[in-house]
Each structure stands twice: as structure tokens, then as C-alpha cells.
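Architecture and fold: a report
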Amino acid sequence: MGIRLGCIADDFTGATDLANNLVRAGMRVIQLIDVPQAGAEAPLDADAVVIALKSRTSPASDAVEASLRALQWLRSAGAEQIYFKYCSTFDSTRAGNIGPVTEALMDTLGTDFTVATPAFPDNGRTVFKGHLFVGDVLLSESGMRHHPLTPMTDSNLVSVLGAQTARPVGLIDHTVVAAGADAIGERVVALREEGIGAAIVDAVSNDDLVRLGAAVKGLPLVTAGSGLAIGLPANWGFEPSPGAARLPRPTGHQAVVSGSVSSATNGQVREFLRSGGPAFSVDPLRIADGEDVAGQALAFAAARLADGPVLVYSTEAPDAVKSVQGRLGVAEAGELVEQTLARVAQGLVGLGVRQLVVAGGETSGAVVQALGLTGLRIGPQIDPGVPWCAAALPGGDTLHIALKSGNFGGPDFFASSFAHLARETA
Ligand SMILES: Nc1ncnc2c1ncn2[C@@H]1O[C@H](COP(=O)(O)OP(=O)(O)OP(=O)(O)O)[C@@H](O)[C@H]1O
Ligand SMILES: O=C(O)[C@@H](O)C(=O)CO
């Protein structure tokens, strides 16, 4: 029997976020890093496969091409339904990539209708009357309005998605969602008759997502943040089970690599420093001057790893990041830091680190690729949206790794995640 649900995620931390919600709802999930070679077998012990792409901010044509390759592989592995996962803050521009990828998937699947909802109430993302809220404020009033690559200045998702696709976009509003799966199904029929190709769906609670999950049972394609995942596994009879998230016991040293510049990560770095944890700050300007900053970070870590977790971070407050970007360029600064942190992660593993937390989506992509990881088994949740995972290193050892989205996790995430892993695998 093939896999049930085939998922395409537009970044690496988002992929583990989705996989985490599927596991919590009872599916056994494998996350693959990029699309496997044609002909590669689907894992036998998985109910869902999540293919992690790095396509959120790539040119739309590249994102479409990668997503269609992923779709082809997932269909050949037997996937009965496809889930396109994007960010809970709907990160995109007028050029895409949510609209173009959705359209291309619909065309290839031969379907005329899909749903779209980034709602993830456990992390404060809710959709009401088509408008996305982040915590208590509209998306356009949240920190996302200043995002360097995908500034989100319009909270009305019907218009945001409408600008990215030629297909008419409609709304399934809260009154319909609250009335249950049958009412949602009736609304879908009516929207289809009107020629609507994609409907933004309101959801302000997990109950809304469970109702929506039941209603989209027969759709070939759903598109969403990770929230909708809590409502889908039940369609195949899966129920939450502790066994789905079991990982082997961790070994080796512990470290955190943080290239995230989000406000939650800034708070987590401050908390780690406040508690006296050993930390090495990576300065992009010194990298640009040609200093061996990765080598310095590794020497610092080597002397301290035996005593507990070591943090290597480039995380800075927005003003400091802007100033560096002004001097080096946004993309250039990002690339320099990502490459350095990826080298640091490789070196840390060389020093015996086998429990690694990585903060930031782009940073996680760079680290996972540098470490040569090809698949992650999803384990227990640390905080909403962030699970521990286990991966085979190219030499055969197991690495426990947690990929943390910038804005996820509580203030003491870095230190507490290791204690959490020890507890959950005891
Ligand atoms: N001090 C810094 N100055 C300039 N750029 C930096 C600095 N630190 C990190 N960066 C770059 O900023 C980008 C941060 O993106 P990343 O996706 O890793 O984190 P995030 O945006 O906070 O998290 P997420 O995407 O998960 O919400 C990366 O390209 C990183 O290399
Ligand atoms: O949905 C989210 O917010 C996260 O999984 C994510 O994609 C952050 O990059």
C-alpha cells in the first residue's frame, strides 16, 4: 500500500511544522529533504511523506518546477491527496509563490477547486472574514510588514491570493465553517458553480480546522499552513497515538545554531545569554573581512561542549541586521551568514554533537543540506510547530535535530529543548 497523504512544503522548518501536526494526529510521517531521485521507493513505514523544498522566495518558475517534481514523485508513491504547505503568515509577493504553485498543482491534478487557509490557532494565526491575524493584530500590522523578502502589507487573503492567480478566489466564512463539514461541503459546491477556483477558509480554532478537514476529504489538493493537518488524518481513520512520535535515545554533545533574526529568536538568544549559557556571536562584517569566523566559533565550542549546550548565533535585532544589510546587501549578507553557520554545523557534528537545534527557515535549509541529511523521522513536539527529529548522518550515526521557525518557541526554548528530548526518549 502506498502513502495516504503527500505533502509539498515551501521551506524546511515549515515542513517539520506540518509533519509535527500530522504525527500528533496519529500518522507516521517521513520528511524528505528535496525530491528523491525518480524511482526511489517510498518509505514503507510512513502514512504521509512531506517533501521539504526551499521554494518560498525563489523565482516563481523555479518554485513551480520543483513543486511539480515533488507532485510527480508523491503520486508515483501512491499519495491519495496532496497538501501544499506554506507559511502561517502567508509569506508571498504579487509574483507568488503561493498562487502560481497552487495553480500548477491544480492543473496537473486536473482539479478545478481547492481551499487555502494559513490558520494555525495554536501559534496565534487565525483567519476571520478572509483576514489573517497574527496574535491580536492584523497581518499587515504585525512584524511581517517589514519582512525583507515577503513584506505582508495586506491582511485580506482573498485579495492577496487573487493577485497571484488567474483563477477567481472566493471565501468560505466563519458562519459556514462553524455550521460543520456538511455546510462547508455545500458552500464548496456553490463556489464551484460560480467558477471559483480557490477559496480562503476562515478558521479561528482547532475545532474549525477539524470541521474543515472532514469537509475536504475528497479534494485532490488542499493548500494551507500546518494547521489543517490536525483535521486530515481522521479521514483515513488515524487517531492520536504516542507511538507515532517515538525516537531513539539521543547521544553526543548538544548545540544550537541560530541564524534567525525574528523577534522570538532574539528573545530566546537573550534568555540563553541571561542564564549564563556559553555563546559565540557570529559577526557578518568579520566574515566579509575574510576572518575565519566559523573556525573561531568551533574552537570556542570545542572547549565547552563537554559541559552542556553551546550556542553559535548571528541573531541580531532588526536595526543591527538592517545596518549589516545596508553595507553588504540583503542577499549577500544572508548568503555569507548561512554558509558560515552551515560550516559551523558541520564542524559541530565533527566535534561529536548529536543533538542540534537550528533556528530560522533559511538557516535550517543551509544546515540540513550541508550535513547531507536526506530524510527526517518526526518525533515529539517541543513547542507548537517544532518537533525533535532523527536523521541518519552520511557516516551512519543518528543525529537528533530540531528545526525551529523564527517566530516559534517559548523564551527558554534553547535550553529546555534538550531536557525535553531526554524526557521524551527516557
Ligand atoms: N546578523 C545578521 N545580519 C544580516 N543577515 C543575517 C544576520 N543573521 C542572519 N542573517 C540572515 O537572515 C536570514 C534569516 O532567515 P531565516 O529564515 O534563517 O530566519 P527567520 O527569517 O528569522 O526565520 P523563519 O524564516 O523561520 O521565520 C538568513 O538568510 C540569515 O543568513
Ligand atoms: O507556518 C509557519 O509559520 C512555519 O511553519 C513556517 O513556515 C515558517 O517559516
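Residues numbered from 1 in each chain as written. Chains lettered and ligands numbered in written order. Predicted model: local features only at pLDDT ≥ 70, side-chain atom pairs only at ≥ 80, totals over all residues. Heavy atoms only, no water.

The name recorded for the protein in an unreviewed UniProt entry is 3-oxo-tetronate kinase, from Streptomyces durmitorensis. The Function (unreviewed entry) comment attached to the protein in UniProt states, word for word, "Catalyzes the ATP-dependent phosphorylation of 3-oxo-tetronate to 3-oxo-tetronate 4-phosphate." Word for word, the UniProt comment on the protein under Sequence similarities (unreviewed entry) is "Belongs to the four-carbon acid sugar kinase family." (UniProt positions renumbered as here; feature names shortened; annotations may be inferred.)

Glancing now at the overall build of the protein. Check the secondary structure of the protein and you find 14 helices and 18 strands. By the compact-globule yardstick of 22 Å for 426 residues, the protein fits well, its C-alpha radius of gyration being 21 Å. In terms of overall dimensions, the protein has C-alpha extents of about 65 × 45 × 40 Å along its principal axes. The buried share of the protein, reckoned over its 426 residues, is 56%. Across the protein, the fraction of contacts at a sequence separation of at least 24, relative to all contacts at a separation of at least 6, is 75%. For the protein, the exposed surface amounts to about 16300 Å²; the carbon and sulfur share of it is 51%. Looking at the protein, you have 30 positive and 43 negative side-chain charges, and the mean spots of the two groups are 3 Å apart. (Helix = DSSP H or I, 4+ residues; strand = E, 2+ residues; numbered from the N terminus. Rg over C-alpha atoms; globule rule 2.2 N^0.38 Å. Buried < 20%, exposed > 50% of the residue type's maximum accessible area, 1.4 Å probe, protein only. Contact = heavy atoms within 4.5 Å. Areas by Shrake-Rupley, 256 points an atom, 1.4 Å probe, with all protein chains shown as cover. Lys, Arg positive; Asp, Glu negative; His and termini not counted. Charge placed at Lys NZ, Arg CZ, Asp CG, Glu CD.)

Moving on to the sheet that holds strand 6 (residues 125-128). Pairing is antiparallel in the open sheet, where three strands are placed in the order 6-7-8. Edge positions in the open sheet fall to strand 6 and strand 8 (137-138), since each of these has one partner strand only. (Pairing = 2+ DSSP bridges.)

Turning next to the site of ligand 1. Near ligand 1, the surroundings consist of 19 residues, among which Ser260, Ser262, Glu338, Glu362 and Thr363 are the closest. Gly361 is positioned such that a nitrogen or oxygen atom in its backbone is 2.9 Å from an oxygen atom of ligand 1. Computed on the free molecule, ligand 1 has an accessible area of 640 Å², of which 87% lies beneath the protein chains in the complex. Those elements that provide at least two residues to the shell around ligand 1 are helix 11 (318-328), helix 12 (330-350) and helix 13 (361-370). (Near = heavy atom within 4 Å. Polar contact = N/O pair within 3.5 Å; in protein donor to acceptor, adjacent residues only side chain to side chain.)

Moving on: the packing of helix 12 against helix 13. Two measures define how a pair of helices packs: the angle their axes make with one another and the distance between the axes. Two elements in contact, helix 12 and helix 13, have axes separated by 8 Å at closest approach and are oriented at 45°. Accordingly, the angle class assigned to the pair helix 12 and helix 13 is oblique. The two elements helix 12 and helix 13 meet at a crossing, and its hand is right-handed. Residues Glu338, Leu341, Ala342, Ala345 and Gln346 of helix 12 form the contact with helix 13, whose own contacting residues are Glu362, Thr363, Ala366, Val367 and Ala370. (Axes fitted to C-alpha atoms, helices over the stretch in contact; angles between N-to-C directions. Parallel < 35°, antiparallel > 145°, perpendicular 65-115°, else oblique. Left-handed = near helix turned anticlockwise from the far one by under 90°.)

According to the domain assignment, the protein contains domain 1 (5-239) and domain 2 (246-424). The straight-line distance from the C-alpha centre of domain 1 to that of domain 2 is 27 Å. With 24 residues of domain 1 in contact, the opposing surface of domain 2 contributes 28 residues. Buried area between domain 1 and domain 2, both sides added, is near 2100 Å², and the carbon and sulfur share of it is 56%. On the surface where domain 1 and domain 2 come into contact, there are three salt bridges. Note that Asp45 is salt-bridged to Arg377, the shortest N-O span being 2.9 Å. Where domain 1 packs against domain 2, one counts eight residue pairs in polar contact (both at pLDDT 80 or more). (Domains from an automatic or database assignment. Buried area = accessible area lost by both parts, 1.4 Å probe. Salt bridge = Lys/Arg side-chain N within 4 Å of Asp/Glu carboxyl O.)

In this section: the nonpolar core. Ranked by size, the top nonpolar core spans 74 residues in total, and within it Leu22, Tyr83, Leu348, Leu356 and Ile401 carry the most contacts. A domain-level breakdown of this core finds at least three residues from each of domain 1 (5-239) and domain 2 (246-424). Excluding residues that lie within four positions of it along the chain, Leu348 makes contacts with Ala255, Val257, Leu298, Ala301, Leu305, Val353 and Leu356. Ranked by size, the runner-up nonpolar core spans 45 residues in total, among them Val64, Ala66, Ala104 and Ala116. (Core = buried A, V, L, I, M, F, W, Y, C linked by side-chain atoms within 4.5 Å.)

The topology assignment puts Val321 in helix 11. We classify Val321 as buried; its relative accessible area is 17%. Separated by twelve residues in the primary sequence, Val321 and Ala333 place their C-alpha atoms 9.0 Å from one another. Apart from residues no more than four positions distant in its own chain, Val321 is found in contact with Val261 and Glu316.

Turning to the pattern of salt bridges, a few remarks are in order. This structure, assessed with the given rule, holds 15 salt bridges. Close ionic contact of Arg56 with Asp91 constitutes a salt bridge, the shortest N to O distance being 3.8 Å. Here Arg56, found in the loop between strand 3 (48-52) and helix 2 (60-76), pairs with Asp91, found in the loop between strand 4 (81-85) and helix 3 (98-109); they are 35 residues apart in sequence, far enough to count as distant. Taken as a pair, Arg56 and Asp91 share a single burial class, namely buried. Note that Glu271 and Arg274 form a salt bridge whose closest N and O atoms lie 2.8 Å from each other. Note that Glu271 and Arg274 are positioned in helix 8 (residues 263-274) at a spacing of three residues, about one turn of the helix. Exposure remark for Glu271: the relative accessible area of 24% places this residue in the partly exposed category. By relative accessible area, which is 61% here, Arg274 ends up exposed.

As a matter of local geometry, ligand 2 sits amid Asp11, Thr13, Gly14, Asp17, Arg56, Lys85, Tyr86, Cys87, Ser88, Ser405 and Phe408. Asp17 is positioned with one of its side-chain polar atoms (N or O) 2.6 Å from an oxygen atom of ligand 2. A distance of 2.7 Å is found between an oxygen atom of ligand 2 and a side-chain nitrogen or oxygen belonging to Arg56. Across the complex, the protein chains shield 92% of the 270 Å² of accessible surface that ligand 2 would expose by itself. Top contributing element to the shell around ligand 2 by residue count: helix 1 (residues 12-24), with three residues. Tallied by class, the residues present in the shell around ligand 2 amount to three nonpolar, four polar and four charged. (Nonpolar A, V, L, I, M, F, W, Y, C, P; charged D, E, K, R; others polar.)

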